[in-house]
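Inside the fold
Letter by letter, the chains look like this.
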Amino acid sequence: NAGVMQNPRHLVRRRGQEARLRCSPMKGHSHVYWYRQLPEEGLKFMVYLQKENIIDESGMPKERFSAEFPKEGPSILRIQQVVRGDSAAYFCASSPSGAGDGYTFGSGTRLTVV
Amino acid sequence: GQQLNQSPQSMFIQEGEDVSMNCTSSSIFNTWLWYKQDPGEGPVLLIALYKAGELTSNGRLTAQFGITRKDSFLNISASIPSDVGIYFCAGPQGAQKLVFGQGTRLTINP
């Protein structure tokens, strides 16, 4: 029973390039969440998705960031024209029903912008 | 929005010592969650608390949901090297989001 799978684990991009981060939720989980963690800080909510729908994107920057969770395939977090400040660990989590029981997190993608 | 404050920010202890950390909020939470993050990994849920005053254990870990519903405590007894990591408290903000504290970083000297 695989957990939440994220890839790649590490991603290096030059300023101005695009970063695509993938997340496959746990089997049976239809709720997907993306969080960002800056060095020495806690996790900050970015976006919550269900299949084919963005439910809450209140934590996601309005520009350059987008997320999707298609009917088939993993959830994708896309960052266009990356800047150095985008360097962080990006964690995906999934749950069967909501936040109250806690999420299961993936191991994260560590994005470094050079 | 709601914010969670954890203290201490970091702890340096000897192996075998007990550890106490806490988490406070300016607003009420109906659920408190404690996570541990190992270096290079995602957070893992340790304990979930659902009722004010509740005391819940998971092995050497014990967590309490404060009576005011504005705080929670995590204790680790007889620490061992694998307890090293960052401990986060979290609570639901609405039905779906979690808000996290800034973490307590635990370092253990053998």
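Model, not experiment: these values are computed from the prediction.

For chain B, the helix and strand inventory stands at zero helices and 11 strands. Its helices and strands taken in sequence order, chain B reads β-β-β-β-β-β-β-β-β-β-β from the N to the C terminus. For chain B, the C-alpha radius of gyration of 13 Å lies close to 13 Å, the compact-globule estimate for 110 residues. Expressed along its principal axes, the backbone C-alpha trace of chain B runs to roughly 40 × 30 × 20 Å. When each of the 110 residues of chain B is scored for burial, the buried share is 45%. For chain B, the proportion of contacts with a sequence separation of at least 24, taken over those separated by at least 6, is 52%.

All names here are of chain B. Taken together, the five strands give an open sheet; going across it, the order is β1-β3-β8-β7-β6, and neighbouring strands pair in antiparallel fashion. Looking at strand neighbours, the two that pair on one side only are β1 (4-7) and β6 (55-58), the edges of this open sheet. When the angles between neighbouring strand axes are averaged without regard to direction, this sheet yields 15°. Bridging between β1 and strand β3 (residues 19-25) involves four bridges; their strand directions are antiparallel. Counted as the bridge partner of Leu4 is Ser25 from β3.

Here we come to the interface of chain A and chain B. On the side of chain B, 20 residues touch chain A, which itself brings 25 residues to the contact. Each partner contributes to the roughly 1600 Å² buried at the junction of chain A and chain B, and carbon and sulfur atoms together form 49% of this total. Taking the shortest distance from any N to any O, the salt bridge between Glu41(B) and Arg9(A) comes out at 3.5 Å. Mapped by element, the contributors of at least two residues to the side of chain A that touches chain B are β4 (31-37) and β5 (43-50) of chain A. For the side of chain A that touches chain B, the class distribution of residues is nine nonpolar, 10 polar and six charged.

Following the sequence through the fold, Tyr48(A) ends up in strand β5. Taking the C-alpha atoms as reference, Tyr48(A) lies 8.9 Å from Ser58(A); in sequence the two are 10 residues apart. Engagement of the side chain of Tyr48(A) in a polar contact is seen with the side chain of Gln96(B), the distance being 3.4 Å.

Bringing the sheet that holds strand β7 (residues 65-68) of chain A into the picture now. Residue and element names in this part refer to chain A. Within the open sheet, the four strands sit side by side as β1-β3-β8-β7. Their pairing is antiparallel. Sheet topology places β1 (5-7) and β7 at the edges, where each strand pairs with a single neighbour. Strand-to-strand twist in this sheet, taken as the mean axis angle between neighbours without regard to direction, amounts to 15°. The sheet contact formed by β7 and strand β8 (residues 75-79) spans four bridges and is antiparallel. What sits directly across from Phe65, in β8, is Ile79.

Scoring rules and cut-offs
- Counting from 1, residues in each chain are numbered in the order their sequence is written.
- As they are written, the chains are lettered A onward and the ligands numbered 1 onward, keeping that order.
- Reporting of local features is limited, given that this is a predicted model, to residues whose pLDDT is at least 70; pairs of side-chain atoms are given and counted only at 80 or more, and all residues count toward the totals for whole chains, interfaces and linings.
- Working from all heavy atoms in the structure, the side-chain values ignore hydrogens and water.
- Labels follow the DSSP assignment, with helices taken as runs of H or I lasting at least four residues and strands as runs of E lasting at least two, numbered in each case from the N terminus.
- Only C-alpha atoms enter the radius of gyration; for comparison, a globular chain is expected to reach 2.2 Å times N to the power 0.38, where N is the number of residues.
- Residue exposure (1.4 Å probe, protein chains only): buried if accessible area is under 20% of the type maximum, exposed if over 50%, otherwise partly exposed.
- Any two residues having at least one pair of non-hydrogen atoms within 4.5 Å are treated as being in contact.
- Only strands that DSSP links by at least two bridges are regarded as paired with each other.
- Here an axis means a line fitted to C-alpha atoms, over the contact stretch when the element is a helix, while the angle between two N-to-C directions is reported on a 0 to 180 degree scale.
- Here the buried area means the combined drop in accessible surface, using a 1.4 Å probe, for two parts upon being joined, counting both sides.
- A side-chain nitrogen of Lys or Arg and a carboxyl oxygen of Asp or Glu constitute a salt bridge if their distance falls within 4 Å.
- For this classification, Asp, Glu, Lys and Arg are treated as charged, while Ala, Val, Leu, Ile, Met, Phe, Trp, Tyr, Cys and Pro are nonpolar and the rest, including Gly, are polar.
- Whenever a nitrogen or oxygen atom comes within 3.5 Å of another N or O atom, the pair is scored as a polar contact, on the condition that within protein one atom can donate a hydrogen and the other can accept it, and that pairs from neighbouring residues in sequence are kept only if both atoms are in side chains.

Function cannot be read off these values alone, since they describe shape.
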